[in-house]
Amino acid sequence: MASSEGFLTDGQREIMKIASQSAENLSSSPKSPSSLLAEHHHHHHVRVPSGGGGGKAQSGGHAGRHVRRSHSGKFVRVKKDGAGGKGTWGKLLDTDGESRTDRNDPNYDSGEEPYQLVGSTVTDPLDEFKKSVVSIIEEYFSNGDVDLTASDLRELGSSEYYSYFIKRLVSMAMDRHDKEKEMASVLLSALYAAVISPAQIRDGFFMLIESADDLAVDILDAVDILALFLARAVVDDIIPPAFLARARKALPESSKGVQVIQTAEKSYLSAPHHAEVVERRWGGSTHITVEDVKKRISDLLREYVDSGDTYEACRCIRELGVSFFHHEVVKRALVLAMEIHTAEPQMLKLLKEAAEEGLISSSQMVKGFSRLEEVLDDLALDIPSAKAQFQRLAPKAISEGWLDASFLKPSSEDEDILVDDEKVRNYKKEVVTIIHEYFLSDDIPELIRSLEDLGAPEYNPIFLKRLITLAMDRKNREKEMASVLLSALHIEMFSTDDIVNGFVMLLESAEDTALDILDASNELALFLARAVIDDVLAPLNLEEISSRLLPKCSGSETVRMARSLVAARHAGERLLRCWGGGTGWAVEDAKDKIMKLLEEYESGGVVSEACRCIRDLGMPFFNHEVVKKALVMAMEKKNDRMLDLLQVCFSEGLITMNQMTKGFTRIKDALDDLALDIPNAMEKFSFYLEHALNKGWLLPSFDSTVTDV
């Protein structure tokens, strides 16, 4: 394990590297090229054995004060006065060939007795993690059980090393058959966000690309295989396309890593029908053929028609483990709904729930509808009303919020810019680079020059959509920069129409954005409200944007939320500072603070002070916790004064309709448990619910789901 020179083993260097990267993972922001490399040199909270006497290590259960590393790589006990011990340099004036201890010496100190450390080792957490993940991966390759692997990984803990797990999984799969490569890709999709954070996925892939030169020594075609893994990760939406450009900037031009990125971009991601080609390259599914999957989907849907058990059907879809093939579930469910008229409500309920759970992604839903649309003529031979039914079902799905509005092709001239031709694709690539450079440099004049050089003012709305989407996935600094940039662009080169069109495009794809960005709806509402405060949009423009969206889609709700933010008291001051309070402390800390402020209010505190505390939390996306805790406290203490606080928070736009609904939903889901401690919990909740509905706190969609409470 030890290296022959220096004070750290390779494994310990790796710990420092991984841990420094994982410190960044606490933020959801994609990394800048410089930070990808700079992280290798930071030491964040890592306890590693160090060459100096001040370093800390653990040795055989003793505190590590007097443990020092020798040149041979062994750990030895060092005498208290700083003298050598075996294998160290000795103390300053230690000239004796052999130091002896005389117990009769008046200065005798038992601490000077030589230590015998037999088989004492310093446990290296990364080494332990490495050994454990190899066996987890081997086991997964033999049993193919995604859920078991996810739970094994969770049990292992050490989440700061998950990016290393990704590197190990892919590098082991690269040396195996196509079956294992496919299994590795399926596992990564399954673990994405649920177990491994998006930032750790990006770090893991960067480490892989960075080690392409080493992998190429052992694995034939390593560059091509790794490029395919990278392309597959982009197609499966687990790393953003912008990652490729960012990683490339952080690598030496001559490295094989750059070749990997070029191959992924040129050979796989720019080819026609690339998504399908990449998905099927390794067989499309792990142990079974595409035909088998189709049969299983057909069987589970037929069974669902008979049983009506939505939960069981969702479980079966999840168990198939083919998230990239869910478009087939969508297509077959719609065909069944057309064939068996009585099954239509059931099928639509299943698709809606699968979409809301995130089981079927927005892109898979659109793909399913698109595939069905392509075969409508053939289908009409068996089901004469197929076209009419399809034309009724698609708008219904959009209005209920589980099919992206972009599916129905825009008809107005203003939205012709949505046509995704080659020119638009190139423009999108260019502006992503320009926006990333702006986030690094904060240079608005340079960005305006770059946009003028592109010479495509008709695509200004696309720029706005890209800018805000990228900023939403970053920290508050970048969100503030995006808002400031919009003000500058409105003065310099964007018309109000450009900005309105850009926001309409953004809001139409809000469901997609919500899959990747937690709390996308609230963030978008803040961007809209801030644009009004900055005079980039007039309040009337919000009405115009709203009129161009479907009435019940999540985009319409976002505009409503923005209007209430603008109408709240002191809105100007608050919205100008809305990105300024990036706190970054943990959720647990927030929960404690929420509990304290509610207890203080409950025991006679002032409403305005409670509101100030909620505002100072600086976590609007976590206000559902305030709602939940306030309602539980009202039940426990029999103090309905809590409802007054929620009313004030709602009126001031401090707690949005979305957050209210989320808080009430969480209480509703936990009612059975609450009833164990609070006997009249059901009765109390019904009263609070009626109050909330009367006051207009909740989303319309909530009303229908609570009639059975």
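So, here's what we can say about the structure. (Residues numbered from 1 in each chain as written. Predicted model: local features only at pLDDT ≥ 70, side-chain atom pairs only at ≥ 80, totals over all residues. Heavy atoms only, no water.)

### Things to note about the overall build of the chain
Along the backbone of the chain there are 37 helices and 2 strands. Relative to its full complement of 709 residues, the chain shows a buried share of 48%. At a minimum sequence separation of 6, the contacts of the chain that also span at least 24 residues come to 74%. Entry remark: accessible area of the chain is about 34,400 Å², with carbon and sulfur atoms responsible for 51%. (Helix = DSSP H or I, 4+ residues; strand = E, 2+ residues; numbered from the N terminus. Buried < 20%, exposed > 50% of the residue type's maximum accessible area, 1.4 Å probe, protein only. Contact = heavy atoms within 4.5 Å. Areas by Shrake-Rupley, 256 points an atom, 1.4 Å probe, with all protein chains shown as cover.)

### Considering a negative patch on the surface
Among the surface-exposed residues, D175, D213, D214 and D218 lie close enough to one another that they form a single negatively charged patch. The residue D214 is located in helix α8 (residues 212-218) in this model. Judged by its relative accessible area of 56%, D214 falls in the exposed class. (Patch = residues over 30% accessible without salt bridge, like charges linked within 9 Å, V, L, I, M, F, W, Y side chains within 5 Å. Salt bridge = Lys/Arg side-chain N within 4 Å of Asp/Glu carboxyl O. Lys, Arg positive; Asp, Glu negative; His and termini not counted. Charge placed at Lys NZ, Arg CZ, Asp CG, Glu CD.)

### Remarks on the packing of aromatic side chains
Tallied over the entire structure, the rule returns 13 aromatic pairs. Centre to centre, the rings of F129 and Y164 are 6.4 Å apart; their planes meet at 65 degrees, and the pair counts as edge-to-face. A residue pair is termed long-range when its members are at least 10 positions apart, and F129 in helix α3 (residues 125-143) and Y164 in helix α5 (residues 162-174) qualify at 35 residues. The buried category is assigned to F129, whose relative accessible area is 2%. The exposure class assigned to Y164 is buried, which follows from its relative accessible area of 4%. Among the aromatic residues, those joined into a ring-pair cluster are F129, Y161, Y162 and Y164. Here the basic side chain of R641 rests over the ring of Y601, its NZ or CZ set 4.1 Å away from the ring centre. (Phe/Tyr/Trp six-rings, centres within 6.5 Å; stacked < 30°, edge-to-face > 60°. Lys NZ or Arg CZ within 6 Å of the ring centre and 35° of its normal.)

### Focus: the nonpolar core
F165, M174, I196, F205, F229, L230 and F243 are the most contacted members of the largest nonpolar core, which totals 64 residues. Examining the composition of this core, we find that 12 residues originate from one element, helix α9 (residues 222-235), more than from any other. In this structure, I434, A456, L506 and M561 belong to the second largest nonpolar core, which totals 59 residues. (Core = buried A, V, L, I, M, F, W, Y, C linked by side-chain atoms within 4.5 Å.)

### Quick word on the packing of helix α20 (residues 422-441) against helix α22 (residues 460-472)
Where α20 contacts α22, the two axes come as close as 10 Å, and the packing angle between them is 45 degrees. What the angle tells us is that α20 and α22 run oblique. Relative to α22, α20 is oriented so that their crossing is right-handed. When α20 is examined against α22, the residues V424, Y427, K428, V431, V432, I435, H436 and F439 are found in contact with a partner set consisting of N460, I462, F463, R466, L467, L470 and A471. Of the residues in the contact of α20 with α22, the class split is 11 nonpolar, 2 polar and 2 charged. (Axes fitted to C-alpha atoms, helices over the stretch in contact; angles between N-to-C directions. Parallel < 35°, antiparallel > 145°, perpendicular 65-115°, else oblique. Left-handed = near helix turned anticlockwise from the far one by under 90°. Nonpolar A, V, L, I, M, F, W, Y, C, P; charged D, E, K, R; others polar.)

### Topic: helix α32 (residues 623-637)
For α32, with 15 residues, the first-to-last C-alpha span of 21 Å sits near the 21 Å given by 1.5 Å per residue. The element α32 is largely enclosed, with a buried count of 11 among its 15 residues. Listed in full, the buried residues belonging to α32 are N623, H624, E625, V626, V627, A630, L631, V632, M633, A634 and M635. Note on α32: the residue one or two positions beyond its end, K638, has a positive phi of about 50 degrees. (Expected span 1.5 Å × (residues − 1).)

### Quick notes on helix α36 (residues 681-695)
Over its 15 residues, α36 runs 21 Å from end to end, which matches the ideal 21 Å to within 8%, given 1.5 Å per residue. Buried residues of α36: A681, K684, F685, Y688, L689 and A692, and no others. The arc enclosing the buried residues of α36, seen along the axis, measures out at 135 degrees, which places them on a common side. Of the exposed residues in α36, those oriented more than 90 degrees away from the buried face are E683, E690 and N694. (Arc of directions from axis to C-beta.)

### Some thoughts on the side chain of K181
Within the element layout of this structure, K181 appears in helix α6 (residues 178-191). Assessed through its relative accessible area of 7%, K181 is described here as buried. Once residues lying within four places of it in the same chain are set aside, the contact partners of K181 are A173, M174, R176, I225, F229 and W282.

### Considerations on unusual backbone geometry
Unusually for a residue other than glycine, D221 sits at a positive phi of about 60 degrees. Of note, D221 is situated in the loop between α8 and α9. Positive phi is not limited to glycine here, since D237 has a value of about 60 degrees. Mapped onto the fold, D237 is located in the loop between α9 and α10 (242-249).

### Focus: the packing of helix α26 (residues 520-533) against helix α28 (residues 554-567)
Between α26 and α28, the least distance of the axes is 8 Å, while the angle of their chain directions is 50 degrees. In terms of orientation, α26 and α28 fall into the oblique class. Viewed along their axes, α26 and α28 form a crossing whose handedness is right-handed. For the pair α26 and α28, the contacting residues are S521, N522, L524, A525, L526, L528, A529 and V532 in the first and T558, V559, M561, A562, L565 and V566 in the second.

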